[in-house]
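# Structural overview
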Amino acid sequence: FLLAAALTQIYIPRYTGNILDALANAYSHNDNNDIGDKSIVDVPGFVSNVQKLLVMAILCGIFSGIRGSIFVVIGGRVNIRMRVKLMDSLLSQDIGFFDTTKTGDITSRLTSDTTLVGDQVSLNVNVFL
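Summarised in this report is the structure supplied together with it.

Rules behind the numbers
- Residues numbered from 1 in each chain as written.
- Predicted model: local features only at pLDDT ≥ 70, side-chain atom pairs only at ≥ 80, totals over all residues.
- Heavy atoms only, no water.
- Helix = DSSP H or I, 4+ residues; strand = E, 2+ residues; numbered from the N terminus.
- Phe/Tyr/Trp six-rings, centres within 6.5 Å; stacked < 30°, edge-to-face > 60°.
- Buried < 20%, exposed > 50% of the residue type's maximum accessible area, 1.4 Å probe, protein only.
- Axes fitted to C-alpha atoms, helices over the stretch in contact; angles between N-to-C directions.
- Parallel < 35°, antiparallel > 145°, perpendicular 65-115°, else oblique.
- Left-handed = near helix turned anticlockwise from the far one by under 90°.
- Nonpolar A, V, L, I, M, F, W, Y, C, P; charged D, E, K, R; others polar.

## Describing the environment of Leu2
- As for its position among the elements, Leu2 is in helix α1 (residues 2-27).
- Note: C-alpha distance between Leu2 and Val43 (41 residues apart in sequence) is 35 Å.

## What to know about the packing of aromatic side chains
- Here the structure, examined in full by the defined rule, presents two aromatic pairs.
- Relative to Tyr15, the ring of Tyr11 lies with its centre 6.0 Å away and its plane at 25°, an arrangement referred to as stacked. Here Tyr11 and its partner Tyr15 are both found in helix α1, four residues apart, which amounts to about one turn of the helix.
- The class of Tyr11 is partly exposed, set by a relative accessible area of 31%.
- Both rings, one in Phe97 and one in Phe98, keep their centres 5.3 Å apart while their planes meet at 80°; by these two values the pair is edge-to-face.

## Regarding the packing of α1 against helix α2 (residues 46-91)
- Close contact between α1 and α2 brings their axes to 8 Å; oriented N to C, the two are set at 160°. In terms of their interaxial angle, α1 and α2 are classed as roughly antiparallel. Between α1 and α2 the crossing geometry is left-handed.
- Residue composition of the contact of α1 with α2, by class: 17 nonpolar, six polar and two charged.

As structure tokens, this is what we get:
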């Protein structure tokens, strides 16, 4: 989905340029400033390029949405894996560890810190790719 989203994003400026070129070519041949009886729909290549642009924009939105949702799912799995590993590490500690460490610190590490790290990892990988 990453490749499909990137390919559709490439074609959006191309079709926008094709639309502008078709309009410029159609209306630049008039010597006077009167556009005459020519409708914008009658411009050769205009409607087909608009249709292609709409298809690419819709596909780009779909593929980008799927890509984003995949990274959200992956980020959730990373978050769960970190919490499980942290809990396993906490359960294997000596009793003296819990005498010196506050319960609030342990709870904070288990909830907010793992969520923060998991969100940052998934966001950075999504932006990098």
